[in-house]
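Structure at a glance
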Amino acid sequence: MIFITAKFRVKPEHADRWPEISREFTEATRAEPGCLWYDWSRSLDDPTEYVLVEAFRDDDAGAAHVGSAHFRAARSDLPPYLAETPRIINAKIDQDGWSELGELAVE
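Residues numbered from 1 in each chain as written. Predicted model: local features only at pLDDT ≥ 70, side-chain atom pairs only at ≥ 80, totals over all residues. Heavy atoms only, no water.

Description of the sheet that holds strand β2 (residues 35-42)
We apply this condition: In this scheme, strands are said to pair when DSSP sees at least two bridges between them. Each helix corresponds to a stretch of at least 4 residues labelled H or I by DSSP, and each strand to a stretch of at least 2 residues labelled E; elements are numbered beginning at the N terminus. Whenever a helix is involved, its axis is fitted only over the stretch in contact; in every case the axis is a line through C-alpha atoms, and angles between N-to-C directions fall within 0 to 180 degrees. Any pair of residues with heavy atoms lying within 4.5 Å of one another is described as a contacting pair.
Taken in spatial order, the four strands line up as β2-β3-β1-β4 in an open sheet, and their pairing is antiparallel. In this open sheet, the two edge strands, each paired with only one partner strand, are β2 and β4 (87-92). If you compare each strand with its neighbour and ignore which way they point, the axes differ by 10° on average. Both β2 and strand β3 (residues 49-56) contribute to a ladder of seven bridges, which runs antiparallel. Paired with S41 across the strands is V51, a residue of β3. In the packing of helix α2 (residues 23-30) onto the sheet, contacts are made with β2 and β3, and the angle to β2 comes to roughly 150°. Sheet contacts for helix α3 (residues 59-66): β1 (2-9), β3 and β4; angle to β3, the most-contacted strand, approximately 130°.

Structure, rendered in structure tokens:
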């Protein structure tokens, strides 16, 4: 799978509304056949920072995502709300879902 984590710093005046602002793009991405997950979290330390954790089945699914109409729209629609260019980590991982964190196993 392609595993991606990205940090989005949103302009302070838009931070509380970011889930609404990004909702259309989020829902369209989640509906893609190759999307395994696409989840936002808000930083506990910085209320203007959102962290995106997403995964796509394979290179074809990743290419379909980047080539989609909703991705092209997001490239112009979302940046006006951002304080800076998002930072990203992108890696290919040889698995297709989450593993258990054995060190914190629940009995």
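There's more to say after this.
Brief notes about the environment of R72
Formally: Polar contact criterion, stated in full: a pair of N or O atoms within 3.5 Å, where within protein one must be able to donate a hydrogen and the other to accept it, and residues adjacent in sequence count only if both atoms are side-chain atoms.
The topology assignment puts R72 in helix α4 (residues 69-77). Between the C-alpha atom of R72 and that of F25, which follows or precedes it by 47 residues, the distance is 10.0 Å. A polar contact is formed between the side chain of R72 and the backbone oxygen of G67, at a distance of 2.5 Å.

Geometry only, nothing functional implied.
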